[in-house]
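Results of the structural survey
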Amino acid sequence: MFIAVTIALLITMALTLARALMGPTLFDRLLAVNSFGTKTVLLIAVHGFMTGRPDFLDIALVYSLINFIGTIAVLKFFEYDDLGSGAYQEDDF
């Protein structure tokens, strides 16, 4: 049963990777990369469950937090062309 889930996750990861490479806009590609990260978290959790090692759930949680922060950072960079130098101008507010 878990082998079928792993195979299904790998197939959907391949499809989202193809979408990330062929996406027409930046936001389509970013959404595909974020989805790939989420599927990676699921794959790590399933692997931890299959091997009977609950430490993999901690690794999956850390990876999901890194995925979320990375997505926010990329969106902020493309919105403001800066990741936060701290120097704001009058017209920013």
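An account of the accompanying structure is given in this report.

1. Let's talk about the environment of Leu10
Residue placement: Leu10 occurs in helix α1 (residues 2-22). Each C-alpha atom of the pair Leu10 and Lys39 lies 8.4 Å from the other, and the pair is 29 residues apart in sequence.

2. What to know about the packing of aromatic side chains
Considering all chains together, one arrives at two aromatic pairs under this definition. Between Phe77 and Phe78 the ring centres are 5.5 Å apart and the planes differ by 75 degrees, which places this aromatic pair in the edge-to-face class. Among the residues examined, Phe77 registers a relative accessible area of 38% and is labelled partly exposed.

3. A few points about a nonpolar patch on the surface
Taken together, the side chains of Met1, Phe2, Ile3, Val5, Ile7, Ile11, Leu15, Phe49 and Met50 present a nonpolar region at the surface, about 970 Å² in accessible area. Elements with a contribution of two residues or more to the nonpolar patch: α1 and α2 (26-51). It is α1 that contributes the most residues to the nonpolar patch, six residues altogether. By relative accessible area, which is 80% here, Met1 ends up exposed.

4. A word on α2
For α2, built from 26 residues, the straight-helix expectation of 38 Å at 1.5 Å per residue is met to within 8% by its first-to-last C-alpha distance of 37 Å. For α2, every residue scored as buried is listed here: Leu30, Ala32, Gly37, Lys39, Thr40, Val41, Ile44, Val46 and Gly48. Looking at the buried residues of α2, the elements they touch are α1 and α3 (55-80). Immediately beyond the C-terminal end of α2, within one or two residues, lies Gly52, with a positive phi of roughly 75 degrees.

Each value, and the rule that gives it
Position numbers for residues start from 1 in each chain and track the written sequence from start to end. The predicted origin of the model limits local features to residues at a pLDDT of at least 70 and limits the giving and counting of side-chain atom pairs to 80 or more, whereas totals for whole chains, interfaces and linings rest on all residues. Side-chain numbers here rest on the full set of heavy atoms in the structure, without hydrogens or water. Going along the chain from the N terminus, every DSSP run of H or I of four or more residues is numbered as a helix, and every run of E of two or more is numbered as a strand. Put simply, two rings from Phe, Tyr or Trp (the six-membered ring, in Trp's case) pair if the centres are within 6.5 Å, and we call them stacked under 30 degrees between planes, edge-to-face over 60, tilted for the rest. Only protein chains enter the area calculation, which uses a 1.4 Å probe; residues under 20% of their type maximum are buried, those over 50% are exposed, and those in between are partly exposed. Nonpolar side chains (Val, Leu, Ile, Met, Phe, Trp, Tyr) within 5 Å and like charges within 9 Å form the patches, drawn only from residues with over 30% relative accessible area and no salt bridge. All accessible-area figures derive from a Shrake-Rupley calculation using a 1.4 Å probe, and residue coverage is judged against the displayed protein chains alone. The term salt bridge refers to a pairing of a side-chain nitrogen on Lys or Arg with a carboxyl oxygen on Asp or Glu at a separation within 4 Å. Helix span, expected: 1.5 Å multiplied by one less than the number of residues in the helix. In this description, contact between two residues means that some pair of their heavy atoms is separated by no more than 4.5 Å.

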